[in-house]
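# Survey of secondary and tertiary structure
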Amino acid sequence: MPTKRRAPDSARLDRVVAEAREAAEARARTYREQALKLFPWICGRCAREFDRSTVHQLTVHHKDHNHDNNPPDGSNWELLCVYCHDNEHSRELKAAASDGSPSRDETAAATHRPFAHLADLLNKRRHGDR
Ligand SMILES: [Zn+2]
Ligand SMILES: [Zn+2]
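These notes cover the structure that comes with them. Nothing here was measured: the structure is a model prediction, and the numbers come from that model. (Residues numbered from 1 in each chain as written. Chains lettered and ligands numbered in written order. Predicted model: local features only at pLDDT ≥ 70, side-chain atom pairs only at ≥ 80, totals over all residues. Heavy atoms only, no water.)

## Description of the overall build of the chain
The cut-off we apply is this: Secondary structure is summarised from DSSP: a helix means a run of H or I of at least four residues, a strand means a run of E of at least two, and numbering begins at the N terminus for each. The classification of residues rests on relative accessible area computed with a 1.4 Å probe and restricted to protein chains. Under 20% of the type maximum is buried, over 50% is exposed, and intermediate values are partly exposed. We call two residues in contact when some of their heavy atoms are within 4.5 Å. Here the accessible surface of atoms and residues is derived via Shrake-Rupley with a 1.4 Å probe, and residues count as covered only by protein chains that are part of the display.
Counting secondary structure elements, the chain contains 4 helices and 2 strands. Scanning the chain from its N terminus toward the C terminus, one meets helices and strands in the order α-β-β-α-α-α. Counting across all 130 residues of the chain, residues that qualify as buried make up 27%. Within the chain, counting contacts between residues at least 6 apart in sequence, those at least 24 apart form 54% of the total. Per element, the accessible surface of the chain, about 9500 Å² overall, is 54% carbon and sulfur.

## Let's talk about helix α1 (residues 10–38)
The periodicity of an α-helix, 3.6 residues per turn, causes residues three or four positions apart to be oriented the same way. The condition that has to hold: For a helix, the expected span equals 1.5 Å multiplied by the residue count minus one.
Spanning 29 residues, α1 covers 42 Å between terminal C-alpha atoms, matching the ideal 42 Å at 1.5 Å per step. Those residues of α1 not exposed but buried are Arg-12, Val-16, Val-17, Tyr-31, Ala-35 and Leu-36.

## So, the side chain of Gln-57
Relative to the helices and strands, Gln-57 resides in the loop between α1 and β1 (58–62). Sequence-distant contacts of Gln-57, defined by excluding residues within four places in its chain, comprise Arg-48, Phe-50, Leu-80, Cys-81, Val-82 and Tyr-83.

## Digging into the nonpolar core
Selection rule: Only buried residues count toward a nonpolar core. Its members are Ala, Val, Leu, Ile, Met, Phe, Trp, Tyr and Cys residues joined through side-chain atoms within 4.5 Å.
Among the nonpolar cores identified, the biggest contains 13 residues, and Cys-43, Leu-58, Val-60 and Leu-79 are the most heavily contacted of them. When residues of this core are traced back to their parent elements, those giving at least two are α1, β1 and β2 (77–81). Ranked by the residues each element gives to this core, the list is headed by β2, at 4 residues. Other than its neighbours up to four places away in sequence, Leu-79 contacts Ala-35, Leu-36, Phe-39, Pro-40, Ile-42, Cys-43, Gly-44, Leu-58, Thr-59 and Val-60.

## Focus on the coordination of the zinc ion (ligand 1)
Let me state the cut-off plainly: Donor atoms are limited to N, O and S found within 2.8 Å of the metal ion, a distance that becomes 3.2 Å for Na, K and Ca. With water left out, some sites might look partial. Think of it this way: with four donors and all angles in the 85 to 135 degree range, the site is tetrahedral; with four or six donors, opposite ones beyond 155 degrees and the rest between 65 and 115, it is square planar or octahedral; otherwise it is irregular.
In the first shell of the zinc ion (ligand 1), the protein supplies Cys-43 (SG), Cys-46 (SG), Cys-81 (SG) and Cys-84 (SG), at 2.3 to 2.4 Å from the metal. One can describe the donor arrangement at the zinc ion (ligand 1) as tetrahedral, given that its 4 donor atoms subtend angles of 102 to 117° at the metal. Ordering the donors of the zinc ion (ligand 1) by residue number gives the pattern C-x2-C-x34-C-x2-C. A relative accessible area of 41% places Cys-46 in the partly exposed class.

## Details of unusual backbone geometry
Residues other than glycine seldom take positive phi values, yet Ala-47 does so here, at roughly 65°. Here Ala-47 is to be found in the loop between α1 and β1. Residue Ala-47 is classed as partly exposed on the basis of its relative accessible area of 49%. Backbone geometry at His-65 places phi at a positive 65°, although glycine is not the residue there. In this structure His-65 comes out as buried when scored by relative accessible area, which is 13%.

## Digging into the coordination of the zinc ion (ligand 2)
Note on metal sites: the ideal angle is 109.5 degrees for four tetrahedral donors, and 90 or 180 degrees for six octahedral donors. The zinc ion (ligand 2) binds to the protein through His-61 (ND1), His-85 (NE2) and His-89 (NE2); the donor distances cover 2.0 to 2.1 Å. Mapped onto the sequence, the residues coordinating the zinc ion (ligand 2) show the spacing H-x23-H-x3-H. Of this pair, His-61 sits in strand β1 while His-85 is found in helix α2 (residues 82–99), placing the two residues 24 residues apart along the sequence. Under the relative-accessibility criterion, His-61 is labelled buried at 3%.

## A short note on the side chain of Glu-78
With respect to the helices and strands, the residue Glu-78 is situated in strand β2. Judged by its relative accessible area of 19%, Glu-78 falls in the buried class. Every residue in contact with Glu-78, bar those within four places of it in the chain, is listed here: Arg-45, Thr-59, Val-60, His-61 and Lys-63.

Take a look at the structure:
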């Protein structure tokens, strides 16, 4: 049996994963900053107010649960404190569990996003190497 299998280039894979993660984090920082500029620093659920020392507890919720949908007018964003944001998502999970459909948000966050573009990235790199 010929064994032509090449050892996976794990260093390159690590780098691609790191770059993809950095891009996602950079994007998250960007839409958070934009949302914080657009909206008053108040939780959309409990109306708690935030200032510079507490604003890290204020998070950006995506109304349609698509973290890639970031219109600059902020129409898909809602500022929620970490507690209300947690509630918002656990409520959805319970609702999803009762009607049997998976939560789109969780699915997108857990499986879709970090590696969605990885195949593309790897393909591009491969062409570039030759
Ligand atoms: Zn709240
Ligand atoms: Zn959310």
